[in-house]
Amino acid sequence: MGAIGRKIRLVFAVAFLFAPALTAAHVGQGDVSGGFLAGVKHPIFGFDHVIAMVAVGIWGAQLGPPAIWVLPVTFPLVMAFGGVLGGLGVPIPGIEIGIAISAIALGCMVAFAVRPPLWVAAVMVGVFAIFHGYAHGAELPDTANAISYAVGFVVATGSLHAFGILLGVANRWRAGARSLQAGGGLIAACGLYFLVSHFVAA
Amino acid sequence: MKGPGKLALHAGLALSFALAATGVLAHSTVKSAGDFYAGVLHPLTALEHVLPFVALGVLAGQRGQPAHRAVLIFALSLGAGACLALWLKPVPGIAMLNIASSIIFGGLIASAWALPILLLNSLAILFGLSHGFANGEAITKEIRAYLFIPGIVAAGAVVAVYAMIAVDYVLRRKPTWLPIAVRVAGSWIAAIGILVLAISGRAILKS
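As the structure is a computational prediction, the values presented were derived from the model and not from experiment.

Parameters at a glance
Residues numbered from 1 in each chain as written. Chains lettered and ligands numbered in written order. Predicted model: local features only at pLDDT ≥ 70, side-chain atom pairs only at ≥ 80, totals over all residues. Heavy atoms only, no water. Helix = DSSP H or I, 4+ residues; strand = E, 2+ residues; numbered from the N terminus. Buried < 20%, exposed > 50% of the residue type's maximum accessible area, 1.4 Å probe, protein only. Contact = heavy atoms within 4.5 Å. Areas by Shrake-Rupley, 256 points an atom, 1.4 Å probe, with all protein chains shown as cover. Salt bridge = Lys/Arg side-chain N within 4 Å of Asp/Glu carboxyl O. Axes fitted to C-alpha atoms, helices over the stretch in contact; angles between N-to-C directions. Parallel < 35°, antiparallel > 145°, perpendicular 65-115°, else oblique. Nonpolar A, V, L, I, M, F, W, Y, C, P; charged D, E, K, R; others polar. 1 Å grid on protein atoms, 1.4 Å probe; cavity = no way out; pocket = protein on both sides within 12 Å on 5 of 7 lines; lining within 4 Å. Points joined across faces, edges and corners; volume = space filled by probe spheres on them. pLDDT = per-residue confidence, 0-100. Patch = residues over 30% accessible without salt bridge, like charges linked within 9 Å, V, L, I, M, F, W, Y side chains within 5 Å. Expected span 1.5 Å × (residues − 1). Bend = angle between axes of the 7 residues up to and from the residue. Phe/Tyr/Trp six-rings, centres within 6.5 Å; stacked < 30°, edge-to-face > 60°. Lys NZ or Arg CZ within 6 Å of the ring centre and 35° of its normal. Core = buried A, V, L, I, M, F, W, Y, C linked by side-chain atoms within 4.5 Å.

Can you help me understand the overall build of chain A in this one?
Check the secondary structure of chain A and you find eight helices and zero strands. Tracing chain A from N to C terminus, the helices and strands come up as α-α-α-α-α-α-α-α. Counting only residues that meet the buried cut, chain A has 46% of its 202 residues in that class. Taking the intrachain contacts of chain A between residues at least 6 apart in sequence as the baseline, contacts between residues at least 24 apart amount to 85%. Carbon and sulfur atoms form 75% of the exposed surface of chain A, whose accessible area is close to 9600 Å².

Okay, structure coming up:
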């Protein structure tokens, strides 16, 4: 207790003072929940994104520190940069192919538990992050509330990384490590499917 | 009492004074209290303000005790910026500057760079003024600025101090992944800012 206890009590006292203001806050400024949900749905309902994001998390966990935090810290930033390119309509050909290849490559890295130097992993993930960000950016809606969309979008993508890292905890046990590698193989197979179906459709 | 405790006490006192002022005036009309709360709610109901407020608090909490004063500097700059909006004409691009504050604060958190306190305080003043200005622009003739502006200051102080105390508390814990989680949060905040700039930039290009 002591200083921290006093501090916390003070904060709660202030919070209660503000409670009446918050309960009266039916101002409805902007469409916060709508934009947020649209942003969350976008990465989560695109299965090609989901498997690649989870693969980033698992691979980070396999590589261990410092990759386990370098990858999730840099990925959102690079992806947002790709989103800017996509949003502004800068032409980059073969985005869908790049995304399918990212799933194949990252899936293979996990399947064979490849341990390249950190910068190789970072560059590889960074390049793929631009592809993913570009695809999202090109489909960014002209939403009334751009920021709640972006919040939902980044939180969903980051949560997929976190999910992959959590799965990666299994890497400590021999059976867990084998399961992760099998999962990586599955991800690579899905990526191959997306690649083939892209060419078949084209 | 040291560090965040002392700072929280100062913030609490400042808030009490701000609230006491409205308490006295609340006897005249209900609406006068309403203007203070309108000032509180105006930044709080817009994520483009809340997010940088939180980010500054996280940054100050991450940087450690000498940085804690930046939060109060920021809150006071909010008030100054809102006052400026009473005199000056609307500044174009102030919304972009506000979104840029998310990118800069978020990027600094992600980098975990021990930035000089002077620089942090300067950023707090610059973006405090810009956010205050944007909120002050909402003041119409019917709104009492002397109530609305303290409301903005209170909102900024509460959000940033909360975030700072939370991060200060989290970083004192044992698990080594917690500092990394704070950096990841910074990276998310910066990414959100970049995406919003892209969406807004495209809207401007299209128009």
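Any chance you could explain the overall build of chain B here in plain terms?
What chain B contains, in helices and strands, is eight helices and zero strands. Traced from its N-terminal end to its C-terminal end, chain B shows the element sequence α-α-α-α-α-α-α-α. Within chain B, counting contacts between residues at least 6 apart in sequence, those at least 24 apart form 83% of the total. Within the structure as shown, chain B displays about 9100 Å² of accessible surface, and the carbon and sulfur contribution to it stands at 73%.

I'm lost on the pattern of salt bridges in this one. Help?
Side chains that differ in sign of charge can pair as their charged atoms come close. Residue and element names in this part refer to chain B. For the structure on display, the rule yields one salt bridge over all chains. Of the charged contacts in the structure, one is a salt bridge between Arg172 and Asp168, with a shortest N-O distance of 2.9 Å. Looking at Asp168, the relative accessible area reads 8%, which means it is buried.

I tried to follow the packing of helix H3 (residues 47–63) of chain B against helix H4 (residues 69–87) of chain B on my own but got confused; where do I start?
Helices that pack against each other are described as a pair by the angle of their axes relative to one another and the distance between those axes. All names here are of chain B. Their axes nearest at 9 Å, the elements H3 and H4 cross at an angle of 155°. Our classification of the angle between H3 and H4 gives roughly antiparallel. The residues of H4 that touch H3, namely those facing Phe53, Leu56, Gly57 and Ala60, are Ala70, Val71, Phe74 and Leu78. Among the residues forming the contact of H3 with H4, the class breakdown is seven nonpolar, one polar and no charged.

How should the layout of surface pockets be read in this particular structure?
Space left empty within the atom packing is revealed by a probe, the size of a water molecule, rolled over the atoms. In this model, the largest pocket occupies a volume close to 660 Å³. What lines the largest pocket is a set of 21 residues, among which Ile68(A), Ile165(A), Leu166(A), Val169(A) and Trp177(B) lie closest to the centre. Considering only residue class, the lining of the largest pocket consists of 14 nonpolar, six polar and one charged.

So what exactly am I meant to see when it comes to the side chain of Gln62(A) here?
Locating Gln62(A) in the fold gives a position in helix H3 (residues 47–63). Those residues within four positions of Gln62(A) in sequence are excluded, and the remaining contacts are Met109(A), Val110(A), Ala113(A), Arg115(A), Asn171(A), Leu180(A) and Gln181(A).

I tried to follow unusual backbone geometry on my own but got confused; where do I start?
Leave glycine aside and you will find that most residues have negative phi; peptide bonds, for their part, are mostly trans. Non-glycine residue Ala113(A) carries a positive phi angle of around 45°. Positive phi, close to 55°, is recorded for Ala112(B), a residue that is not glycine. You can see Ala112(B) is positioned in the loop between helix H5 (94–111) and helix H6 (117–136).

How should the confidence of the model for chain A be read in this particular structure?
Residues and elements named next belong to chain A. In the predicted model, chain A carries a mean pLDDT of 77, and the fraction of residues at 70 or more is 81%. Averaged pLDDT values for the elements of chain A fall to 49 in helix H1 (residues 3–23) and rise to 88 in helix H5 (residues 95–111). Here residues 14–30 is modelled with pLDDT under 50, and outside its nearest four sequence neighbours on either side it reaches 17 contacts, counting other chains as well.

What am I meant to see in a nonpolar patch on the surface here?
Side chains of Leu84(B), Leu86(B), Trp87(B) and Leu88(B) sit close together on the surface and give an oily, nonpolar patch of about 450 Å² of accessible area. Its place among the elements puts Leu84(B) in helix H4.

Just to check I follow, could you spell out helix H4 (residues 67–87) of chain A for this structure?
The α-helix advances 3.6 residues per turn, and as a result positions three or four apart in sequence lie on the same side. All names here are of chain A. Helix length check: H4 (21 residues) gives 29 Å between terminal C-alpha atoms against 30 Å at 1.5 Å per residue, within 8%. If you look at H4, its biggest bend is around 30°, right at Phe75, and the proline Pro76 turns up within four residues after that. Within two residues after H4, Gly89 carries a phi angle of roughly 75°, on the positive side.

Even after reading the chapter, I still don't get the packing of aromatic side chains, so can you show me in this structure?
The geometry of an aromatic ring pair is captured by the separation of the ring centres together with the interplanar angle, meaning the angle of the planes. Residue and element names in this part refer to chain B. By the definition in use, this model includes six aromatic pairs over all chains. Their ring planes at 70° and their centres at 5.5 Å tell us that Phe36 and Tyr37 sit as a pair that is edge-to-face. By relative accessible area, which is 1% here, Phe36 ends up buried. Relative to Phe127, the ring of Phe105 lies with its centre 5.5 Å away and its plane at 80°, an arrangement referred to as edge-to-face. With Phe105 in helix H5 and Phe127 in helix H6, this residue pair connects regions lying 22 residues apart in the sequence. The pair formed by Phe105 and Phe127 is uniform in burial state, with each residue classed as buried. In this structure, Arg173 is placed above the aromatic ring of Tyr169, and the distance from its NZ or CZ to the ring centre is 4.2 Å.

What is the right way to read the nonpolar core from this model?
Proteins that are soluble and globular tend to have nonpolar side chains buried together. Trp59(A), Leu106(A) and Ile192(B) are the most contacted members of the largest nonpolar core, which totals 78 residues. It is H3(A) that provides the largest number of residues to this core, a total of ten residues. With near-sequence residues (within four places) excluded, Trp59(A) lies in contact with Leu106(A), Met109(A), Val110(A), Val114(A), Pro116(A), Ala121(A), Met124(A) and Val125(A). Membership of the second largest hydrophobic core comes to six residues, among which are Ala60(B), Val71(B), Ala160(B) and Val161(B).

Sorry, what's going on with the environment of Ala124(B) here?
All names here are of chain B. Among the structural elements, Ala124 can be located in helix H6. For Ala124 and Ser77, which are 47 residues apart along the polypeptide, the C-alpha to C-alpha distance reads 7.6 Å. For Ala124, the residues in contact, after removing those within four places along its chain, are Leu56, Ala70, Ile73, Phe74 and Ser77.

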